[in-house]
Amino acid sequence: MNRTPFILGFVLLIGLMVIRILDPYPVKAGRDFYFDSLQQIKPRAYQDVGVRIVDIDEASLRELGQWPWPRDMLADLVTQLQSYGAAVVVFDVLFVEKDRYSPSNLLERNTFSGLTLPDGARENLLQIDFDAVFAETFANIPVVLGTAQTPETGKPTETAVAEVIEFGENLIDVLPRMGASTSIIPVLKDAAAGIGSVSVEGYGQTSVIRTVPLIWNGSQGPMPSLALEALRVALGETSYILWGTEGTLGSVSAVGVGEIDIPTLFDGQIWVKFRSYQPDLYVSAHQVLDETYDPALAEKLQNTIVFVGSSAAGLLDIRATALRQSVPGVSIHAQIVEQILLGTYLKRTDWIQGVEILTLILLGLIVLYRMTLSGPIWSFVTGFFSAFIVVIASWVAYATQGILFDATFPLVGGFLAFATVAGYQFVITDYDKRQIRLSFSKYVAPTVLEQIEKSRYQLELGGITKPVTVMFCDIRDFTTLSETVEASDLVALLNGLFDKLSFEILDQEGTIDKFIGDSVMAFWNAPIETPDHAARACRAAIQMRTAIKDFNQSKPGSPIRIAIGINSGNACVGNVGSRKRFDYSVIGDTVNVASRVETTCRHVGFDIVATARTVQMAPDIACLYSGIVDLKGKTDLTRIFIILGDSTFAQSDDFKKLKTDHDLLVKAISSGLDQATIADRLDICMSHARNAGVDLVEFYEKIPGRYDDFRAIDQVEPLQERA
């Protein structure tokens, strides 16, 4: 038996074992994906344990006004929850500043400083403090408030209400670090029954939520999570216990609250076992605030822990879970309390990880032995059944005991061992065949072989990943147009229109991917390399705007309007389809974003919208910042710009004045300046819009309804300077 393949495979197994111990990101990512899959197949079954969510949802915002609401309204909310029999009220809301709607605060503003009031009225109004009104309701029902970690340096964290007792050494030091946190105004903090952290991950992390710290290590001492603090207040306890792992320094095994011990990871984090969305747990806030007493609502809220949070997309508290669902952050806190009360936990300890490494070695040795003894076929069969057993064992451990055993790395290790030995044997076996081909090539012209190889290559499926710029162009109100035009006339109209638009795309060396109904998809930088592909796409869009104007002048009836979305980034370019029929196309997230950006044209009120990536790569193009939008299907927010003109237009005095005043308007909105200042700057921009040579009136008319798009700037990465 040739020992060389076995030795190669064994060395590979040792290397894989070292990689598993080092645990780099790709290994973690694969493991997380596998554990997510387990939860998706068998999520936690819902059982009612007396946890509810009062949701500041879209309906409540429509009924009661935009957020934040006046604190006297929140006082009414707490009072109503008390009347409905709630046991504890937990706010997944930050109270960092005084209520700006309080009469005492309003009268201090310059806007109202000169307001004439009857004798004594001003003094009376100055006594009305909605924060104090809100705090007074805390005396009637236990209320837990939240704090969140921030990136600020030198700012202390809030001080927790309950103390933490350690049964072990250096346990607090291993807890997740909270360098700084938001403050809570004193009048509310002093009245609260508990204070907990609303943060469910480290600052700036936006990954899938899988584990959540139960207690943070704050600069002013340990800070419990909002869920844990809610549970403590509900149980009437005054402290927590950190249980250390026996025989291990600085390792937490469980967190105790009352008679409940919660098993954790070594750093005090709990692995959340999620359940599917349960609409019965949610109560819209406007229903609670309705003055009419609702017996059904009372039955639903009686003796429950009530979390108050928001599912409204505009309030930016939507998180991705292991179930691949986007849920409000408040739902995660509520699910942790449910999980603890049910005693349903996911377990992943050091000994489990040790078994995973042993499984990797054992599975690899089995595959190597069968490969060297019986060849690749029996090795594959043996490895397949061994892997099947590992997967089944992993599933049974999860489904019955909540044990998270990673089957992915042992399976990958076994496959790599098989591939290494099989590859080695293939090289040895293929050597003679290559010698025959080398001899045969002496009798066949090399040019003929090259042509055959080139032809076969062109027929293969697949592609390469490279930077591209993608454009989507769509006819606005096409459905209405199609209802007023005969089908044959509509086809003729589309053909004429697409002919005009296609010419402009090709003029800028673009590639037309396809026509999709009333839409055109095109891309740049493939197959022809064009370093300035982003600028060419923008210029094509500008030329298409002119072309559509000329087209409308040449035909009777209502003018046709188009919407164009542009995005730049990496995508896979190549032949896509079946082996019998395929197209040269581009696919990837860059394409999806471009399609979504095109749909924002109506929301923005402009015909050409591009992402920040495109604008940064096209520094000579005249553009204006248009806010940050939440694209469908995207977790992160997207910064967008409107495209006005080419480099000549960008250098014009009119555009420079417009851009200066537009930037001042954006700054006023994002900085939260008063409405009068914003209105004045908007009027200035509107005066430019009427003389800009580009239709900007609709764009500026829609800005008052899009303030949140400009105020969400902290939710995305800073914009880099344009090249």
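Residues numbered from 1 in each chain as written. Predicted model: local features only at pLDDT ≥ 70, side-chain atom pairs only at ≥ 80, totals over all residues. Heavy atoms only, no water.

A. The packing of aromatic side chains, seen in detail. On inspection of all chains with the given rule, the structure shows 17 aromatic pairs. Ring geometry for phenylalanine 134 and phenylalanine 138: centres 5.0 Å apart, planes at 80°, overall edge-to-face. What makes phenylalanine 138 buried here is its relative accessible area of 6%. Taken together, the ring pairs connect Phe91, Phe95, Phe134 and Phe138 into an aromatic cluster. Here lysine 273 stacks its cationic end above the ring of tyrosine 398, 5.2 Å away from the centre of that ring. (Phe/Tyr/Trp six-rings, centres within 6.5 Å; stacked < 30°, edge-to-face > 60°. Buried < 20%, exposed > 50% of the residue type's maximum accessible area, 1.4 Å probe, protein only. Lys NZ or Arg CZ within 6 Å of the ring centre and 35° of its normal.)

B. View of the environment of leucine 94. By the element assignment, leucine 94 lies in strand 2 (residues 88-94). For the pair leucine 94 and valine 198, spaced 104 residues apart in sequence, the C-alpha to C-alpha distance is 8.6 Å. With near-sequence residues (within four places) excluded, leucine 94 lies in contact with Gly146, Thr147, Ala148, Thr182 and Val198. (Helix = DSSP H or I, 4+ residues; strand = E, 2+ residues; numbered from the N terminus. Contact = heavy atoms within 4.5 Å.)

C. A look at the packing of helix 19 (residues 487-507) against helix 20 (residues 533-553). Remark: helix 19 packs on helix 20, axes separated minimally by 9 Å, with the N-to-C direction vectors making an angle of 150°. The orientation of helix 19 relative to helix 20 falls into the category roughly antiparallel. The hand of the helix 19/helix 20 crossing is right-handed. Counted together, Leu493, Gly496, Leu497, Lys500, Leu501, Glu504, Ile505 and Asp507 of helix 19 and Ala540, Gln543, Met544, Ala547, Ile548 and Phe551 of helix 20 form the full contact between these two elements. Looking at the contact of helix 19 with helix 20 residue by residue, the classes come out as nine nonpolar, two polar and three charged. (Axes fitted to C-alpha atoms, helices over the stretch in contact; angles between N-to-C directions. Parallel < 35°, antiparallel > 145°, perpendicular 65-115°, else oblique. Left-handed = near helix turned anticlockwise from the far one by under 90°. Nonpolar A, V, L, I, M, F, W, Y, C, P; charged D, E, K, R; others polar.)

D. Structural view of a nonpolar patch on the surface. Together, Ile377, Phe380, Val381, Phe384 and Phe385 give the surface a local cluster of nonpolar side chains, amounting to about 550 Å² of exposed area. Here valine 381 lies in helix 15 (residues 376-401). Judged by its relative accessible area of 31%, valine 381 falls in the partly exposed class. (Patch = residues over 30% accessible without salt bridge, like charges linked within 9 Å, V, L, I, M, F, W, Y side chains within 5 Å. Areas by Shrake-Rupley, 256 points an atom, 1.4 Å probe, with all protein chains shown as cover. Salt bridge = Lys/Arg side-chain N within 4 Å of Asp/Glu carboxyl O.)

E. Quick look at the sheet that holds strand 9 (residues 221-224). Reading across from one edge, 5-8-9 is the order of the three strands in this open sheet, with mixed pairing throughout. Every other strand in the sheet has two partners, leaving strand 5 (177-178) and strand 9 as the edge strands with one partner each. As judged from the two bridges shared by strand 5 and strand 8 (residues 215-218), these two strands associate in the parallel manner. Looking at strand 8, one finds that methionine 178 is bridged to glycine 218. (Pairing = 2+ DSSP bridges.)

F. Here's a closer look at the pattern of salt bridges. Taken as a whole and assessed by the stated rule, the structure comprises 27 salt bridges. Between aspartate 23 and arginine 20 there is a salt bridge; the shortest N-O distance is 3.7 Å. In this structure, aspartate 23 and arginine 20 share a single accessibility class: buried. A salt bridge links arginine 20 to glutamate 356, with the shortest nitrogen-to-oxygen separation between them at 3.0 Å. Taken together, the residues span a long stretch of sequence, with arginine 20 in helix 1 (residues 4-22) and glutamate 356 in helix 14 (residues 350-374) at a distance of 336 residues. An identical accessibility class is assigned to arginine 20 and glutamate 356; each is buried. Salt bridges sharing common partners tie together Arg20, Asp23, Arg31, Arg348 and Glu356.

G. Focus on the nonpolar core. Formed by 75 residues in total, the largest nonpolar core has its most connected members in Leu696 and Tyr700. Ignoring anything within four residues of it in the chain, the contact list for leucine 696 reads Phe606, Ile642, Leu644, Leu658 and Ala689. Ranked by size, the runner-up nonpolar core spans 46 residues in total, among them Ile172, Leu242, Tyr282 and Ala322. (Core = buried A, V, L, I, M, F, W, Y, C linked by side-chain atoms within 4.5 Å.)

H. Spatial organisation of the sheet that holds strand 6 (residues 194-197). As summarised here, the arrangement of the six strands in space is 6-3-2-15-1-14, forming an open sheet in which the pairing is parallel. This sheet does not close on itself; its edge strands, each paired only once, are strand 6 and strand 14 (282-284). Averaged over all adjacent pairs, the angle separating strand axes in this sheet is 25°, with direction ignored. The pairing of strand 2 with strand 15 (residues 305-309) spans four bridges and is parallel. In the strand pairing of strand 15, valine 89 is matched with valine 306.

I. Seen up close, the packing of helix 24 (residues 653-670) against helix 25 (residues 675-689). In contact at an axis separation of 9 Å, helix 24 and helix 25 are set at 155° when each is read in the N-to-C sense. Between helix 24 and helix 25, the angle falls in the class roughly antiparallel. Helix 25 is crossed by helix 24, and the crossing has left-handed handedness. The segment helix 24 lies against helix 25, with Lys657, Leu658, Asp661, His662, Leu664, Leu665, Ala668 and Ile669 engaging Ile678, Arg681, Leu682, Ile684, Cys685 and His688. The residue inventory of the contact of helix 24 with helix 25, partitioned by class, reads nine nonpolar, two polar and three charged.

J. Seen up close, the confidence of the model for the chain. On average, the chain scores 85 in pLDDT, and the residues at 70 or more come to 86%. The secondary structure element of the chain with the lowest average pLDDT is helix 17 (residues 446-459), at 40, and the one with the highest is strand 23 (residues 608-611), at 97. Counting contacts from residues 435-460, a segment whose pLDDT is below 50, to residues more than four positions away or on other chains yields seven contacts. (pLDDT = per-residue confidence, 0-100.)

K. Molecular detail of the layout of surface pockets. The computed volume of the second largest pocket comes to approximately 1300 Å³. Thr211, Leu265, Asp267, Gln269 and Trp271 are, among the 41 residues lining the second largest pocket, the residues nearest its centre. Put simply, the parts of the chain that give the lining of the second largest pocket at least two residues each are helix 2 (25-41), strand 7 (211-213), strand 11 (252-257), strand 13 (269-271) and helix 14. The leading source of residues in the lining of the second largest pocket is helix 2, at five residues. (1 Å grid on protein atoms, 1.4 Å probe; cavity = no way out; pocket = protein on both sides within 12 Å on 5 of 7 lines; lining within 4 Å. Points joined across faces, edges and corners; volume = space filled by probe spheres on them.)

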